[in-house]
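Close look at the chain arrangement
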Amino acid sequence: MPTKNVTDERISKFKNKGKDPAKLREKRITECVELRKAHKNESFLKRRNITLSSLPDEEALSPDYLSNEIATILSIEEIIKDVNSDRKESQTRGCQAARKLLSQERNPPLKEIIDAGLLSRFVSFLSMDDEPTLQFEAAWALTNIASGTSWHTQQVVEHGAVPAFISLLASPMLHISEQAVWALGNIAGDGAAYRDVLIECNVIPALLARISPETPVGYLRNLTWTLSNLCRNKNPFPPLSAVMQVLPSLIQLLHLSDKDILSDACWAISYLSDGDNDRIEVVVKTGIVSRLVELMSHGELSVMTPALRSIGNIVSGSDLQTQMAIDAGVLDVLPQLMRHPKASVQKEAAWALSNIAAGPCKQIQQLITCGLLPPLVEQLRSGDFKTQREAVWAVTNFTSGGTVEQVVNLVQSGALEAIINLLQVKDAKVILVILDAINNMFMAAEKLGETEKLSLLVEELGGLDRIEMLQNHDNDMVYQAAHNLIEKYFGDDDVEGVKVDTNDDAFAFQCSDEQRTFEF
Amino acid sequence: MGKKQNTKGKRDSQESQEEPEEFVVEKVLDQLAWDILADNTWEPEENLDCPELISAFLESQKNIKEKPAPVKRKASTDEPETEAKRKDVAEKPRGFARNLDPERIIGATDSSGELMFLMKWKDSDEADLVPAREANTRCPQVVISFYEERLTWHSCPEDEAQ
């Protein structure tokens, strides 16, 4: 005993060993937060570049000396003087000071700068080709104002920035052209209205002209993002003519390897494919489907997510469009995505699967062949609720479009048991979809004259109890559907002309024409 | 024959028959409506008056859709995960942030209000301005070289008086 105490004492002196893991974790988090705060304060102080010429630098940077707001107001007064002056040097200085304020991480004074009436001057600076520094600072300042709310963006547009920025795209100074790309991206991202204004102003050819083998990666990243915003938003969709203009370049960009470019290019495709089948057709006609399926396996979540979304959109189209995705190998990739650690990925994969399962039985057969049933059942059993909801749709669609044999296959895979276990969820819509699936399974059983067997199986799996309880559900449609099921398949005791063939616990479905038996 | 199975909402509608009594049900219907209609109107186009052929046909098509056909569902309205607008906060790497080694200072200016050095970097043609106070701590020897190169000696007042 004494020995044990000595050992305990010694162990408690070590930094980590012998300490309560929860306490250790708490300690680590606290330390991490302290470090982060200290670092943040340090960089915040560095970034506050207050142009108070009368004060030496150290004092200006001290938070004790001036509160941030007062400093900002004083700064803006200086800025107004400078920007409104006639001297290029002052204008540049003022513009740069404004840009720095507007680049602050927290609460950049967008409204204050707008209210100070500086926007017209900034926009006029954009056209001063002989003063590139001034152009650049003005472009940067306006970019950040346009990054605010719709109101902020509106101010920028209403002061005539759009034609000026489009002209700047052609600037021989790459960093200025790039700034214009960014600003236009913010304006396009505001919504369909400004997006279409830009398109009307022929922004697309001007942007596409900047793509060349020599274009630096950073520039291409900004460009791709801006292009994606021009593809974004519905009500209305972008004009088809604009889409046709952009697509070839998007395809080019999709074959690069930079992850940021790939991510934004995939998002663009996801926006373009998020529509009716005509929109999807325009996309798949480019032949991009293979590359999208490839990108579904990309190591970066930021690339894989929009690639998966794009393919999900494509398989929500016609059977032919869906077949293109299947031919490109989507069914080989889907299982691992259905098992992905991130719930949202699992959910999207299940959604895509549910749409493929809404196809003809030939495609359903491909689902079975490519081993999509086991991951589907796993999702039904242990996915998070949103994933389970999509998986349930997959089951119902499967039972609706599948052949009798395919439906039996589905039941054998454990899907029936899994959906029965989901009958206790609160979501009435999901319950209805499950009851639909069960109903469809009974219809398949009817073809084989084996409804009795299925009823027994459902009962054995606890389904009868649950469905009986659902007859008391609040939702009318649920109660109705449950009631119908009970009446049709769990009502009478008499067995009408059904070939019964039980061997112990095995439930055999026997087909009247052929000697196949399906065992559970 | 293919017609009966293609009742998905997305497919193009097949042309309906010219005869007024027959028509092909193409829209997606719910279970109840389907049950009602199936009894009355669901007939293969070729077999209008041959019930034996009809039932034989039924038997051979085990995947007959008496059930409501599945409809493809479009993307949910969850917002995409990319920003629609982006603020440009990055200080474009200038000066020491470019992580290059200082080679030598080639000029100085204080027109911005603060003393700045024009720094030539190793392995780069692009020189840019850095604040003197930063250079003083980061590369004092380079700063000293700059000043030493430009030291000028003034003659003392006695010599000038001569």
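Residues numbered from 1 in each chain as written. Chains lettered and ligands numbered in written order. Predicted model: local features only at pLDDT ≥ 70, side-chain atom pairs only at ≥ 80, totals over all residues. Heavy atoms only, no water.

**Looking at the sheet that holds strand E3 (residues 128–131) of chain B**
Pairing between the strands of a sheet comes from backbone hydrogen bonds, and it takes one of two forms, parallel or antiparallel. Residue and element names in this part refer to chain B. Rules: When DSSP finds at least two bridges between two strands, those strands are taken to pair. Only runs of H or I of at least four residues qualify as helices and only runs of E of at least two qualify as strands under DSSP, and these elements are numbered from the N terminus. Fitted lines through C-alpha atoms serve as axes, helices being fitted only where they are in contact, and the angles separating the N-to-C directions of these axes extend from 0 to 180 degrees.
Spatial ordering of the open sheet is given by E1-E2-E3, a layout of 3 strands whose pairing is antiparallel. The open sheet has two edge strands with one neighbour each: strand E1 (102–109) and E3. Between one strand axis and the next, the sheet turns by 40 degrees as a mean value, whatever way the strands run.

**Focus: a nonpolar patch on the surface**
Put simply, the test is: Here a patch means residues that are over 30% exposed by relative accessible area and free of salt bridges, tied together within 9 Å if like-charged and within 5 Å if nonpolar (Val, Leu, Ile, Met, Phe, Trp, Tyr). Only the protein chains shown count as cover for residues, and all accessible areas are computed by the Shrake-Rupley method using a 1.4 Å probe. Whenever a carboxyl oxygen of Asp or Glu lies within 4 Å of a side-chain nitrogen of Lys or Arg, that contact is scored as a salt bridge.
Among the surface-exposed residues, Ile106, Leu118 and Leu129 of chain B lie close enough to one another that they form a single nonpolar patch of about 220 Å² accessible area. Looking at the secondary structure, you find Leu118 of chain B in strand E2 (residues 116–121).

**What about the packing of helix H16 (residues 259–272) of chain A against helix H19 (residues 301–314) of chain A?**
Residue and element names in this part refer to chain A. To be explicit about the condition: Put simply, angles under 35 degrees are roughly parallel, angles over 145 are roughly antiparallel, angles from 65 to 115 are roughly perpendicular, and the rest are oblique. Should the near helix be turned counterclockwise from the far one by less than a right angle, the crossing is left-handed, whereas a clockwise turn marks it as right-handed. Here a residue-residue contact requires only that any non-hydrogen atoms of the pair lie within 4.5 Å.
Contact pair H16 / H19: the axes reach a minimum separation of 8 Å and the direction vectors enclose 20 degrees. The angle between the axes of H16 and H19 places the two elements in the roughly parallel class. Note on packing geometry: the crossing formed by H16 with H19 is left-handed. Contact residues: Lys259, Leu262, Ser263, Cys266, Trp267, Ile269 and Ser270 in H16; Ser302, Val303, Thr305, Pro306, Ala307, Arg309, Ser310 and Asn313 in H19.

**With respect to unusual backbone geometry**
Residues and elements named next belong to chain A. That bond from Asn235 to Pro236 is cis: its omega, -5 degrees, falls within 30 degrees of zero. Despite not being glycine, Asn235 shows a phi value in the positive range, around 50 degrees. Counting through the fold element by element, Asn235 comes out in the loop between helix H14 (217–231) and helix H15 (240–254).

**Here's the deal with the confidence of the model for chain A**
Residues and elements named next belong to chain A. This is how the line gets drawn: pLDDT expresses how confident the predictor is about each individual residue, on a scale running from 0 to 100.
Of all residues in chain A, 83% have pLDDT values of 70 or greater, and the mean over the chain is 88. Confidence over residues 45–62 falls short of pLDDT 50; this stretch has 21 contacts with residues more than four positions distant or in other chains. Under a pLDDT of 50 for its full length, residues 494–517 has, in the predicted model, 44 contacts with residues more than four places off or in other chains.

**Quick notes on the interface of chain A and chain B**
Interface size is often expressed as the accessible area that is lost when the parts come together. Quick reminder of the rule: Accessible-area loss on putting two parts together, using a 1.4 Å probe and summing over both, is the definition of buried area adopted here. Identification of polar contacts relies on pairs of N or O atoms within 3.5 Å, with a donor-acceptor requirement for protein atoms, meaning one able to donate a hydrogen and the other able to accept it, and with residues adjacent in sequence counted only if both atoms are side-chain atoms. Here the term charged refers only to Asp, Glu, Lys and Arg, the term nonpolar to Ala, Val, Leu, Ile, Met, Phe, Trp, Tyr, Cys and Pro, and the term polar to all other amino acids, Gly among them.
On the chain B side, the residues contacting the 71 residues of chain A number 36 residues. For the pairing of chain A and chain B, the buried interface totals around 4400 Å² over both sides, and the portion due to carbon and sulfur atoms is 43%. For the pair chain A and chain B, the number of links is 2 salt bridges. In this structure, the salt-bridge partner of Asp190 of chain A is Lys85 of chain B, at a minimum N-O distance of 2.9 Å. Taken together, the connections running from chain A to chain B amount to 24 residue pairs in polar contact (both at pLDDT 80 or more). Take the side of chain A that touches chain B: its biggest share by element is 6 residues, from helix H25 (residues 385–401) of chain A. Its residues assigned to classes, the side of chain A that touches chain B shows 20 nonpolar, 34 polar and 17 charged.

**Considering the packing of aromatic side chains**
What counts, and what does not: In this analysis, rings of Phe, Tyr and Trp, with Trp reduced to its six-membered ring, are considered paired at centre separations within 6.5 Å, and the interplanar angle assigns stacked below 30 degrees, edge-to-face beyond 60, and tilted for intermediate values. Burial classes follow relative accessibility: with a 1.4 Å probe on protein chains only, a residue under 20% of its type's maximum area counts as buried, one over 50% as exposed, and anything between as partly exposed. Two conditions define a charge located above a ring, namely a distance within 6 Å from the ring centre to NZ of Lys or CZ of Arg, and an angle within 35 degrees of the ring normal.
Following the criterion strictly, the structure yields 8 aromatic pairs over all chains and no others. Note on Phe442 of chain A and Tyr489 of chain A: the rings are 4.0 Å apart at their centroids and 5 degrees apart in plane angle, and the pair reads as stacked. Separated by 47 residues along the polypeptide, Phe442 of chain A in helix H28 (residues 428–448) and Tyr489 of chain A in helix H31 (residues 476–489) bring together distant segments of the chain. Judged by relative accessible area, Phe442 of chain A falls into the buried class, the value being 0%. These aromatic residues form a ring-pair network of at least three members: Phe442, Tyr489 and Phe490 of chain A. Over the ring of Trp140 of chain A we find Arg99 of chain A; its NZ or CZ atom is 3.9 Å from the centre of that ring. Between the NZ or CZ atom of Arg86 of chain B and the centre of the ring of Trp182 of chain A, over which it lies, the distance is 4.4 Å.

**Quick look at the pairing of E2 of chain B**
Residues and elements named next belong to chain B. Sheet topology note: the E1/E2 ladder contains 6 bridges and is antiparallel. Bridging across to E2, Pro102 finds its partner in Trp121. Where E1 hands over to E2, the hairpin turn is made up of 6 residues, of which Gly113 adopts a positive phi near 105 degrees. Inspection of the sheet shows E2 paired to E3 by 4 bridges, in the antiparallel sense. Paired with Phe117 across the two strands is Val130, which belongs to E3. Counting the residues between successive antiparallel strands, the hairpin from E2 to E3 contains 6 residues, one of them, Asp123, with a positive phi of roughly 60 degrees.

**Re helix H5 (residues 140–149) of chain B**
Residues and elements named next belong to chain B. For the record, the criterion: Each C-beta atom gives one direction from the helix axis, and the arc is the one those directions make.
Restricting attention to buried positions, one finds in H5 the residues Val142, Val143 and Phe146. Each buried residue of H5 sits inside an arc of 100 degrees when the element is viewed along its axis, so together they form one side. For H5, the exposed residues set more than 90 degrees away from the buried face come down to Gln141 and Glu148.

**Notes on the side chain of Ser171 of chain A**
You can see Ser171 of chain A is positioned in the loop between helix H10 (161–168) and helix H11 (174–188). Every residue in contact with Ser171 of chain A, bar those within four places of it in the chain, is listed here: Ile176, Ser177 and Arg210 of chain A.

**Some points on a negative patch on the surface**
Residues and elements named next belong to chain A. Applicable threshold: Neither His nor the chain termini are counted; the positive set is Lys and Arg, and the negative set is Asp and Glu. All charge positions are set by atom: Lys at NZ, Arg at CZ, Asp at CG, Glu at CD.
Side chains of Glu459, Glu460, Asp465 and Glu468 sit close together on the surface and give a patch of like negative charge. Broken down by secondary-structure element, the contributors of at least two residues to the negative patch are helix H29 (451–460) and helix H30 (463–470). One can find Glu460 in helix H29.

**Structural notes on H25 of chain A**
To keep things clear, this is the line we draw: A helix is expected to span 1.5 Å multiplied by its residue count minus one.
For H25 of chain A, with 17 residues, the first-to-last C-alpha span of 25 Å sits near the 24 Å given by 1.5 Å per residue. Across the 17 residues of H25 of chain A, 13 count as buried, placing the element largely inside the fold.

**A few points about the side chain of Ser263 of chain A**
All names here are of chain A. Residue placement: Ser263 occurs in helix H16. The buried category is assigned to Ser263, whose relative accessible area is 8%. Here Ser263 is in contact with Ser302, Val303 and Pro306, once residues within four sequence places are set aside.

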